[in-house]
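# Notes for the structure review
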Amino acid sequence: MKIHLKVWRQKDQNDGGRFVDYTASNVSPDMSFLEMLDIVNIDLVKKGETPIAFDHDCREGICGSCGMMINGRAHGPGRGIATCQLHMRSFQDGDSVVIEPWRAAAFPVLKDLMIDRTSFDRIMQAGGYTSAKTGGIPDGNAILIPKPVADEAFDAAACIGCGACVAACPNSSAMLFVSAKVSQLALLPQGQAERTTRVQRMIAQMDEEKFGACSNTYACEAECPKQISVTHIARLNREFIAAQF
Amino acid sequence: MSESLRNDGRVWVPKKKGDTRNPKDIPESERDYYLERQYPSFGNLVPRDVASRRAKEMCDNGFGVGASKMAVYLDFADAIKRLGKEAVFQKYGNLLDMYKQITGEDPYTTPMRIYPAVHYTMGGLWVDYNLMSTIPGMFVLGEANFSDHGANRLGASALMQGLADGYFIAPYTVSDYLASNKFNAVSTDAKEFKDAENSVTATINKLMGIDGKKTVDEYHREFGKVMWDYVGMARNKEGLKKALTLLPKIRAEFWKNVKITGNAHEINMELEKAQRVADFMELGELIAMDAMNREESCGGHFREEFQTEEGEAKRNDKKFSYVAAWEYKGPGKKQVLHKEDLDFEYVKPTQRSYK
């Protein structure tokens with residue numbers, strides 16, 4: 001397959017950035033999207049040019065570091081997948097593909113397709129933890145958790161913090177991310193001790209990072225590689241309101 | 001794919017060599033559920049080193065399936081019949097979805113094609129009983145240390161070791177270290193800091209100055225292929241000898257001919273990768289040397305010369321009943337082997353049998 005690429009190139013945070021055209025030749029339909037970019041990069045290095053910078057690590061949809069807008073969609077076409085899980089068989093020979101970094105004020109572009117996601121880390125540091133003492137922990141079955149509750153907490157915990165929800169949202173809102181983290185702990189007994197302070201601090205940090213507000217477009221749910229439901233946003237709102245009293 | 005799929009999936013190959021029929025068209029009587037046949041009591045649940053070697057053996061002997069012939073089937077048809085599709089989805093949905101994404105095939109209706117691959121190396125950094133390394137104050141937790149996984153790393157043990165070290169050990173030993181030592185503020189003017197900085201800068205400058213012809217990825221693949229071919233699931237003296245001549249050659253060429261574009265004062269993913277690959281080369285060579293040194297088969301380390309008549313690992317406890325650490329002596333210098341004898345007082349090691 002031959003794929004025509006329009007890739008966002010930006011030298012660093014101060015550079016304005018621009019689209020550059022590349023052609024990826026000898027692309028196999030079995031390749032992942034990142035493997036296709038690897039090939040383009042090998043060619044670029046051979047020509048003495050700087051390869052396209054993008055984040056990646058596990059390449060199996062777990063680490064959450066790869067993420068790019070592909071033809072205007074976070075993580076490209078297909079539902080419930082990260083960019084690394086997108087395969088070239090989703091495209092046709094001769095297709096044109098536009099690749100951009102996540103766009104959000106809270107995610108400054110560092111280089112090409114790499115963005116700075118430390119705003120997410122700061123939200124987590126504000127409250128995305130339990131400070132239960134470690135050490136002599138009770139037996140696993142000493143605290144009983146009904147399966148549907150455990151399942152729902154697990155669905156929320158599946159969030160890999162990739163930022164696709166922010167990139168897909170017209171308001172650059174991080175509500176799906178924050179709601180998944182709050183929800184996961186609000187549902188479980190271990191999360192009860194800091195239940196009120198957690199939601200207040202995480203929301204305050206989210207606002208400070210200049211993420212937008214939620215206006216219920218559900219674009220986040222549609223593009224989330226872990227298919228996290230917007231019902232967690234409803235729980236986040238309930239937790240936040242309850243924490244005021 | 002996760003090994004846990006073997007809890008319910010059945011592994012098989014066609015009985016006939018080079019059978020290219022669609023798996024659906026191969027009747028039960030023409031399928032070889034070889035793990036169930038060879039290990040009637042454990043069946044598909046034999047440990048991963050055994051399952052891996054048997055899969056490799058099937059493919060090496062021409063029974064492999066799929067376009068590459070480097071795969072065996074992992075079939076969920078019986079599990080779906082027995083438990084229902086919903087129950088299989090509940091247990092393995094995320095893994096089966098992942099497979100579908102990668103291959104474009106639906107594992108609920110057609111058997112998965114699997115082949116063993118390295119994703120973990122037994123062993124790690126040496127630590128003491130408190131999980132502190134040879135560098136005072138540097139603790140190594142989880143799978144980065146050598147302590148828990150010897151012959152065979154078992155399923156979910158990344159979690160096991162992370163939790164055990166993180167919950168039960170580090171909270172006591174790290175805080176004990178912090179409480180019983182005095183620490184002065186360290187400045188970046190310290191000699192140690194300067195030395196470390198200079199050595200990193202020298203490596204970076206050296207890499208950037210090479211300006212050769214081949215990319216980091218090309219060296220990564222070339223080196224990895226040698227590791228895969230000769231230092232993988234089954235090793236032998238001949239192959240290891242070959243690896244030990246090829247690997248240093250590739251490493252030497254890397255340091256003369258690698259091409260890294262851009263510069264060292266910006267985000268440079270190629271430069272970062274080059275340093276990782278350089279480390280991989282050092283470690284890879286060490287693994288090959290260690291495999292050559294250990295003339296027995298034991299758990300994940302399988303030397304073809306040392307096997308029982310049934311093709312199982314044959315240990316040599318007289319000579320190799322020890323744990324060992326290789327001491328790093330600097331780049332290009334020969335590592336030194338330190339041994340610690342294993343003394344089994346009550347429970348004596350025996351030959352495993354999964355028959």
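Because the structure is a prediction, the values reported are computed rather than measured. (Residues numbered from 1 in each chain as written. Chains lettered and ligands numbered in written order. Predicted model: local features only at pLDDT ≥ 70, side-chain atom pairs only at ≥ 80, totals over all residues. Heavy atoms only, no water.)

### With respect to the overall build of chain A
Keep this limit in mind: Here a strand is any run of E in DSSP of at least two residues, a helix any run of H or I of at least four, and the numbering for each starts at the N terminus. Only protein chains enter the accessibility calculation, which uses a 1.4 Å probe; a residue is then buried when its area is under 20% of its type maximum, exposed when over 50%, and partly exposed in between. Here, residues are in contact when the closest pair of their heavy atoms is within 4.5 Å. Computed with a 1.4 Å probe, the accessible areas rest on the Shrake-Rupley method; for each residue, only the protein chains presented here act as cover. Counted as positive: Lys and Arg. Counted as negative: Asp and Glu, with His and the chain ends omitted from the count. One atom stands in for each charge, and that atom is NZ of Lys, CZ of Arg, CG of Asp or CD of Glu.
Helix and strand counts for chain A stand at eight helices and seven strands. Overall, the C-alpha framework of chain A stretches about 60 × 35 × 35 Å when taken along its three principal axes. Within the span of chain A, comprising 245 residues, buried residues form 47% of the whole. Restricting to contacts in chain A with at least 6 residues of sequence separation, those with at least 24 account for 68%. Summed over all atoms, the accessible surface of chain A reaches about 11,400 Å², with 51% contributed by carbon and sulfur. Here chain A holds 25 positive side-chain charges and 28 negative ones, and the gap between their average locations is 2 Å.

### Details of the domain arrangement of chain A
Residue and element names in this part refer to chain A. Rule in force here: How far each domain reaches was decided by an automatic or database domain assignment. As a working definition, buried area equals the accessible area (1.4 Å probe) given up by two parts on being put together, with both sides summed. When a carboxyl oxygen of Asp or Glu lies within 4 Å of a side-chain nitrogen of Lys or Arg, that pair is called a salt bridge.
Split into domains, chain A comes out as domain 1 (3–110) and domain 2 (118–242). Between the C-alpha centres of domain 1 and domain 2 the distance comes to 28 Å. Between domain 1 and domain 2, the contact holds 17 residues from the first and 19 residues from the second. Contact with domain 2 buries area across many residues of domain 1, yet Arg79, Ala106 and Phe107 alone supply 30% of it, more than any other trio. The closest approach of N and O atoms between Glu223 and Arg73, which form a salt bridge, is 3.1 Å.

### Details of the interface of chain A and chain B
Note: interface size is frequently given as the accessible area lost on complex formation between the parts. Put simply, the test is: The definition of a polar contact used here is a pair of N or O atoms within 3.5 Å, where within protein one atom must be able to donate a hydrogen and the other to accept one, and adjacent residues in sequence count solely through side-chain atom pairs.
Listed by partner, the interface residues are 25 residues for chain A and 24 residues for chain B. Carbon and sulfur atoms supply 59% of the area that chain A and chain B bury against each other, a total of about 2,000 Å² over both sides. Considering only the surface of chain A that becomes buried against chain B, Ile42(A), Val45(A) and Lys46(A) emerge as the three largest contributors, covering 24% of it. Counting across the interface, chain A meets chain B through three salt bridges. Viewed at the interface, chain B and chain A are joined by eight residue pairs in polar contact (both at pLDDT 80 or more). At the level of elements, helix H1 (33–46) and strand S6 (109–111) of chain A are the ones that each hand at least two residues to the side of chain A that touches chain B.

### Remarks on the environment of Phe91(A)
Residue and element names in this part refer to chain A. In this fold, Phe91 is placed in the loop between strand S4 (73–74) and strand S5 (96–100). Take Phe91: its relative accessible area is 6%, and that puts it in the buried class. Phe91 sits 58 residues away from Phe33 along the chain, and the two C-alpha atoms are 10.0 Å apart.

### Digging into the packing of helix H5 (residues 175–187) of chain A against helix H8 (residues 231–242) of chain A
All names here are of chain A. So the rule is basically this: Axis definition: a line fitted to C-alpha atoms, over the contacting stretch in the case of helices. Angles run 0 to 180 degrees between N-to-C directions. The scheme is simple: roughly parallel for angles under 35 degrees, roughly antiparallel for over 145, roughly perpendicular for 65 to 115, oblique for anything else. Working rule for handedness: look at the near helix, and if it is turned counterclockwise from the far one by less than a right angle, call the crossing left-handed; if clockwise, right-handed. Residues are grouped as follows: Ala, Val, Leu, Ile, Met, Phe, Trp, Tyr, Cys and Pro are nonpolar; Asp, Glu, Lys and Arg are charged; every other residue, Gly included, is polar.
At a closest axis distance of 8 Å, the pairing of H5 and H8 adopts a crossing angle of 70°. Taken together, the axis directions place H5 and H8 in an arrangement best described as roughly perpendicular. Along this stretch, H5 crosses H8, giving a crossing that reads as left-handed. Contact residues: H5 offers Met175, Leu176, Val178, Ser179, Ala180, Val182, Ser183, Ala186 and Leu187, while H8 offers His232, Ile233, Arg235, Leu236, Asn237 and Glu239. Grouping the constituent residues of the contact of H5 with H8 by class yields nine nonpolar, four polar and two charged.

### Regarding the sheet that holds strand S3 (residues 72–75) of chain B
Residues and elements named next belong to chain B. The criterion, for reference: Any two strands with at least two DSSP-identified bridges between them are counted as paired.
Reading across the sheet, the four strands line up as S2-S1-S3-S4 and stay open at both edges, with antiparallel pairing between neighbours. Of all strands in the sheet, those bounded by a partner on one side alone are strand S2 (31–32) and strand S4 (112–114). Strand direction decides the pairing type here: S3 and S4, joined by three bridges, are antiparallel. Looking at S4, one finds that Val72 is bridged to Ile114.

### Section: the nonpolar core
All names here are of chain A. The condition that has to hold: Among buried residues, those of type Ala, Val, Leu, Ile, Met, Phe, Trp, Tyr and Cys that are joined through side-chain atoms within 4.5 Å constitute a nonpolar core.
Formed by 36 residues in total, the largest nonpolar core has its most connected members in Trp102, Phe107, Val166, Leu176, Val178, Met206 and Phe211. Every element with two or more residues in this core is listed here: helix H2 (118–127), helix H4 (164–168), H5, helix H6 (195–208) and H8. Counting only domains with at least three residues in this core, you end up with domain 1 (3–110) and domain 2 (118–242). Here Leu176 is in contact with Cys165, Cys220, Glu221, Cys224, Ile228, Ser229, Val230 and Ile233, once residues within four sequence places are set aside. If you look at the next biggest cluster of nonpolar residues, it comprises 28 residues, including Val7, Phe54, Ile81 and Cys84.

### Overview of the environment of Gly62(B)
Residue and element names in this part refer to chain B. Within the element layout of this structure, Gly62 appears in the loop between helix H2 (48–60) and S3. Note on Gly62: relative accessible area 29%, which makes it partly exposed. For Gly62 and Ala77, which are 15 residues apart along the polypeptide, the C-alpha to C-alpha distance reads 24 Å. What Gly62 contacts, discounting residues up to four positions off in sequence, is Lys17 and Gly18.

### Observations regarding the pattern of salt bridges
All names here are of chain B. Tallying each qualifying case throughout the model produces 47 salt bridges over all chains. Its salt-bridge partner being Lys225, residue Asp229 comes within 2.8 Å of it at the nearest N-O pair. A residue pair is termed a helical-turn pair when its members lie 3 or 4 positions apart in one helix, as Asp229 and Lys225 do in helix H7 (residues 216–230) at four residues. Assessed through its relative accessible area of 49%, Lys225 is described here as partly exposed. Connected via shared salt-bridge partners are Arg10, Glu36, Asp78 and Lys81.

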